[in-house]
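For reference, the chains in residue letters:
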Amino acid sequence: MVRKGLLIVVSGPSGAGKGTICKRLLENNPQMKISISATTRKPRAGERNAVNYYFISEDKFKRMIYEQKFLEYAIVYDNYYGTPEQYVIDNLQNGNDVLLEIDIVGALQIKKKFKDAVFVFILPPSLEELKNRIVGRGTEKLSDIEKRYDAAISEIKQVMKYDYVIVNDNVSEAVQDIEAIMRAEKRKVLRNYEEILLRF
Ligand code: 5GP
């Protein structure tokens, strides 16, 4: 019997360091897969199609919504972002853990569909540090920086909707914390009950 993989949802404000943490998690855990989202946002310098995102037109995105191809989707900073369903379902069935790096609106949609998914919120060390990181990244226009900073403040207020919170003072520690969360989640009785009944 192949045990189903764990679905782990990571959210947090822009600049909290989610991307770096997720990248490190994937390097450390070969059985873990990240879902590549589709978006109508334009690629930033260095971003590649089918690696960072599937960069698609608004028409195509809307068609995919109509065809029910998304597990969840949301409009974030004026662009559509969504998680293609098939990849996630296939990997969970094959026993791989699947990581979704998505916003809160999307995370709440996942919560309704997957009762045993795990929700982790990543916080920056401070608001000042958050602003430095958004500005320092140099990928956004000034108006976008302000938009992301304001959104960050209201997103942080929604942390109560998540199961776990990690303050990203140190990337290695943040990664270790998520790995510890995953180990503990996999030991939950409910996740193992069927197998225990079969074996004992
Ligand atoms: P960025 O434009 O910086 O790559 O991402 C902006 C925001 O969109 C981030 O908060 C990120 O977590 C979120 N996001 C990325 N992919 C998805 C997705 O598939 N669904 C949802 N709901 N949010 C996403």
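What counts and what doesn't
- Every chain begins its residue count from 1, and numbering advances along the sequence as written.
- Under the rules for a predicted model, residues below a pLDDT of 70 receive no local features and side-chain atom pairs below 80 are neither given nor counted, while totals for whole chains, interfaces and linings still include all residues.
- Hydrogens and water molecules were not included; the side-chain quantities draw on all heavy atoms of the structure.
- Numbering of helices and strands runs from the N terminus, with a helix taken as a DSSP run of H or I at least four residues long and a strand as a DSSP run of E at least two residues long.
- A 1.4 Å probe rolled over the protein chains alone gives each residue an accessible area, and that area as a share of the maximum for its type sets the label: buried under 20%, exposed over 50%, partly exposed in between.
- Two residues form a contact once any of their heavy atoms are found within 4.5 Å.
- We count Lys and Arg on the positive side and Asp and Glu on the negative side, and we leave His and both chain ends out.
- To locate a charge, take atom NZ for lysine, CZ for arginine, CG for aspartate or CD for glutamate.
- A pair of strands is considered paired only if DSSP assigns at least 2 bridges between the two.
- Only C-alpha atoms enter the line fits that serve as axes; for helices the fit covers just the stretch in contact. Angles between N-to-C directions range over 0 to 180 degrees.
- Under the rule applied, a polar contact is a pair of N or O atoms within 3.5 Å (in protein, one hydrogen donor and one hydrogen acceptor; residues adjacent in sequence only if both atoms are side-chain atoms).
- The criterion for a residue being near a molecule or strand is simple. One of its heavy atoms has to lie within 4 Å of it.
- Only the protein chains shown count as cover for residues, and all accessible areas are computed by the Shrake-Rupley method using a 1.4 Å probe.
- Any residue that is not Ala, Val, Leu, Ile, Met, Phe, Trp, Tyr, Cys, Pro, Asp, Glu, Lys or Arg is counted as polar, Gly included; the first ten are nonpolar and the last four charged.
- Note that the arc is computed from the directions linking the helix axis to the C-beta atoms.
- Salt bridge, as used here: a side-chain nitrogen of Lys or Arg that lies within 4 Å of a carboxyl oxygen of Asp or Glu.

**A closer look at the overall build of the protein**
Broken down by element type, the protein carries eight helices and nine strands. The C-alpha extent of the protein, read off along each of the three principal axes, is 60 × 40 × 30 Å. In the protein, which comprises 200 residues, the proportion classed as buried is 44%. Once local pairs closer than 6 in sequence are excluded, the contacts in the protein between residues at least 24 apart make up 69%. Taken as two groups, the 32 positive and 28 negative side-chain charges of the protein have centres that lie 3 Å from each other.

**With respect to the sheet that holds strand β4 (residues 54–55)**
The sheet built from four strands is open, its strands ordered β4-β3-β6-β5 with mixed pairing. The two strands at the open ends of the sheet, each matched to only one other strand, are β4 and β5 (70–76). Taken strand by strand, helix α3 (residues 85–93) contacts β5 and β6 (79–84), and its axis lies near 30° from that of β6.

**Considerations on the side chain of Ser11**
One can find Ser11 in strand β1 (residues 7–11). Looking at Ser11, its side chain comes within polar contact range of the main-chain oxygen of Ile102, at 2.7 Å. Setting aside its immediate chain neighbours within four residues, Ser11 contacts Lys18, Ile102, Asp103, Ile104, Ala107, Val120, Phe121, Ile122 and Tyr162.

**Quick word on the site of the ligand**
In the vicinity of the ligand there are 17 residues, among which Ser37, Arg41, Tyr53, Tyr81 and Asp103 approach most closely. Lys18 places a side-chain nitrogen or oxygen 3.2 Å from an oxygen atom of the ligand. The side chain of Asp103 places a nitrogen or oxygen atom 2.7 Å from a nitrogen atom of the ligand. Its free accessible area being 510 Å², the ligand has 95% of it covered by the protein chains. Within the residue set of the shell around the ligand, elements represented by two or more residues are β5 and β6. Tallied by class, the residues present in the shell around the ligand amount to six nonpolar, four polar and seven charged.

**Here we look at the sheet that holds strand β8 (residues 118–123)**
One open sheet holds the five strands; their spatial order is β2-β7-β1-β8-β9, and the pairing between them is parallel. A single partner strand is all that each edge strand has here, and the edge strands are β2 (32–34) and β9 (164–167). Shown here is a sheet whose adjacent strand axes are inclined to one another by a mean of 25°, direction ignored. Sheet topology note: the β2/strand β7 (residues 97–101) ladder contains three bridges and is parallel. Paired with Lys33 across the strands is Val98, a residue of β7. The strands that helix α1 (residues 18–28) touches are β1, β2, β7 and β8; relative to β7, the one it contacts most, it runs at about 165°. In the packing of α3 onto the sheet, contacts are made with β1, β2 and β7, and the angle to β7 comes to roughly 150°.

**Some remarks on helix α4 (residues 104–113)**
Ile104, Gly106, Ala107 and Ile110 are the residues of α4 that are buried. Looking down the long axis of α4, one finds its buried residues gathered within 155° of arc, a one-sided arrangement. Against β1, β5, β7, β8 and α6 (142–156) lie the buried residues of α4. Two or three places before Val105, at the start of α4, stands the capping residue Asp103, its side-chain oxygen 3.4 Å from that residue's backbone nitrogen.

**Thoughts on the pattern of salt bridges**
For the structure shown, the criterion picks out 13 salt bridges. As a salt-bridge pair, Lys23 and Glu27 come within 3.7 Å of each other at their nearest N and O atoms. Here Glu27 and Lys23 lie together in helix α1, a separation of four residues that amounts to about one turn. Accessibility assignment for this pair places Lys23 and Glu27 in one class, exposed. We note a salt bridge from Lys147 to Asp144, for which the minimum N-O separation is 3.8 Å. Residue Lys147 and its partner Asp144 are both found in helix α6; the two are separated by three residues, about one turn of the helix. We classify Asp144 as partly exposed; its relative accessible area is 22%. Each of the salt bridges in this network shares a partner with another, and the network as a whole consists of Arg41, Arg44 and Glu47.

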